[in-house]
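Working through the structure, step by step
One-letter residues, chain by chain:
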Amino acid sequence: YILGTCVTQDLDKGLVSMNQTAAIPTLVERFNLHNSLASSNTRTPMSQEQLPRVEQTGRESKSFPYLSAIGSLLYISLLTRPDISYAVGVCARYGAAYGPPHVRAMNKIIEYPFVTRNYSIVFSHSSKLLNSSVRLHESGRPRVKDDDTLEKCINSSLETFCDADFAGDITRRSTSGNISFLYGSPLRWLSQLQKLYALSTAESGIYSAVEAVKDAALGV
C-alpha cells in the first residue's frame with residue numbers, strides 16, 4: 001500500500017495493478033454512506049441536474065464537509081480513477097458556496113467509486129494487455145462497434161484522446177478532457193475548466209488538443 005493505494009504485482013502474468021480498495025471504503029464510512037448502493041444502471045457518477053450558483057452556503061448544507069469531500073475525491077481521481085475526474089471537477093467549482101443539489105451530487109460521486117472500488121488500473125510488460133472479448137464502451141452509451149479503434153488503442157505504445165464541450169459551464173467556459181493510454185492502460189488524464197472563453201466548438205476542441213499534446217509529451 002502506497003499512500004492509500006493498493007499496488008498488486010502478478011509475476012506469473014506480468015501485471016501490475018493499482019486500486020484504492022482501502023481509501024474508498026474509509027471515505028464512504030466517514031460520510032456514513034456505506035449502506036448506500038448506486039443504481040445498477042449508473043454509468044457515470046455525474047448528476048444530470050445543472051448545479052446552480054448560490055450566494056452563500058445554506059444552514060442545512062453547512063453540516064456537510066463539502067471541501068473535505070472534494071479534496072479526498074480529487075486525490076482518488078488523480079491516482080487511479082479517471083472515470084470520476086469530470087464529476088469531481090464540476091463539483092469543485094462550487095466550493096465557495098453550495099446547497100442541497102451540490103451535496104446530493106457529492107453523495108452520488110462518493111457512492112459510485114464505493115460500488116466500483118475493485119476497479120483497477122492494470123499495467124503489463126506485454127504489448128497485448130486486453131483479450132479479444134473486451135469491448136470499448138462510451139459513458140452511458142452502448143459499446144462502440146468500431147473494433148479497429150479498440151485494437152489500435154491496445155496495440156499502440158501511446159494513444160491520446162481529447163475532447164471538449166462548448167460553453168457547458170454556467171460561466172460559459174468550456175471543459176477540456178483528455179486521456180493517454182499506454183498499451184491500453186490509462187497513463188495520464190485531465191478534466192478541467194478552460195481558462196479562455198472559446199468562441200466555437202472548434203476553438204474549444206483546439207484548446208483541449210493543446211493540453212492533450214502536453215500530457216502526451218510528459219507521458220513519453
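As the structure is a computational prediction, the values presented were derived from the model and not from experiment.

**Here we look at the overall build of the protein chain**
Along its length, the protein chain carries six helices and six strands. Its helices and strands taken in sequence order, the protein chain reads β-β-α-α-α-α-β-α-β-β-β-α from the N to the C terminus. A burial count over the protein chain gives 36% of its 220 residues as buried. Long-range contacts, defined here as pairs at least 24 residues apart, represent 67% of the contacts in the protein chain between residues at least 6 apart. Accessible surface, the protein chain: about 12,800 Å² in total, of which carbon and sulfur atoms supply 54%.

**Considerations on helix 3 (residues 85–92)**
Listing the buried residues of helix 3 in full gives Ser85, Ala87, Val88, Val90 and Cys91. Elements that come into contact with the buried residues of helix 3 comprise helix 2 (66–79), helix 4 (100–115) and strand 6 (185–193).

**Brief notes about the pairing of strand 1 (residues 6–10)**
As defined by bridge partners, strand 1 adjoins strand 2 (residues 15–19) across five bridges and the pair is classed as antiparallel. Within strand 2, the residue paired with Asp10 across the bridge is Leu15. With antiparallel pairing between neighbouring strands as the criterion, strand 1 and strand 2 make up a hairpin whose turn holds four residues, including Gly14 at a positive phi of roughly 70°.

**Side note on the pattern of salt bridges**
One pass over the full model with this rule turns up four salt bridges. With its nearest N and O atoms 4.0 Å apart, the salt bridge here joins Arg53 to Asp169. Here Arg53 is found in the loop between helix 1 (23–30) and helix 2, whereas its partner Asp169 is found in the loop between strand 4 (159–164) and strand 5 (175–182), with 116 residues between them in sequence. By relative accessible area, which is 42% here, Arg53 ends up partly exposed. Between Arg81 and Asp83 there is a salt bridge; the shortest N-O distance is 2.8 Å. The buried category is assigned to Arg81, whose relative accessible area is 2%. Note on Asp83: relative accessible area 32%, which makes it partly exposed. Through salt bridges with shared partners, a single ionic network connects Arg53, Arg93 and Asp169.

**Section: the side chain of Ser85**
Tracing the sequence through the fold places Ser85 in helix 3. Overall, the relative accessible area of 11% leaves Ser85 in the buried class. In contact with Ser85, other than residues within four places in its own chain, are Ser77, Trp189 and Ser191.

**With respect to the side chain of Asn19**
For Asn19, the position within the fold is in strand 2. Look at Asn19 and you get buried, because its relative accessible area is 9%. Within the local environment of Asn19, its side chain forms a polar contact with the side chain of Thr21, the two groups lying 3.1 Å apart. The residues touching Asn19, leaving out its near neighbours within four places in the chain, are Gly4, Thr5, Cys6, Thr80, Arg117, Asn118, Tyr119 and Ser120.

**Brief notes about the confidence of the model for the protein chain**
When pLDDT is averaged along the protein chain, the result is 83; 78% of the residues meet or exceed 70. Taking the mean pLDDT of every element in the protein chain, the minimum, 64, falls on helix 5 (residues 147–155) and the maximum, 94, on helix 2.

**Comments concerning the sheet that holds strand 3 (residues 121–124)**
Within the open sheet, the three strands sit side by side as 1-2-3. Their pairing is antiparallel. One side of each edge strand has no neighbouring strand; the edge strands of this open sheet are strand 1 and strand 3. Sheet twist, expressed as the average angle between the axes of neighbouring strands with direction ignored, equals 15°. Summarising the sheet, strand 2 and strand 3 pair through four bridges and their orientation is antiparallel. Within strand 3, the residue paired with Ser17 across the bridge is Val122.

Reading the values: the criteria
Residues numbered from 1 in each chain as written. Predicted model: local features only at pLDDT ≥ 70, side-chain atom pairs only at ≥ 80, totals over all residues. Heavy atoms only, no water. Helix = DSSP H or I, 4+ residues; strand = E, 2+ residues; numbered from the N terminus. Buried < 20%, exposed > 50% of the residue type's maximum accessible area, 1.4 Å probe, protein only. Contact = heavy atoms within 4.5 Å. Areas by Shrake-Rupley, 256 points an atom, 1.4 Å probe, with all protein chains shown as cover. Pairing = 2+ DSSP bridges. Salt bridge = Lys/Arg side-chain N within 4 Å of Asp/Glu carboxyl O. Polar contact = N/O pair within 3.5 Å; in protein donor to acceptor, adjacent residues only side chain to side chain. pLDDT = per-residue confidence, 0-100. Axes fitted to C-alpha atoms, helices over the stretch in contact; angles between N-to-C directions.

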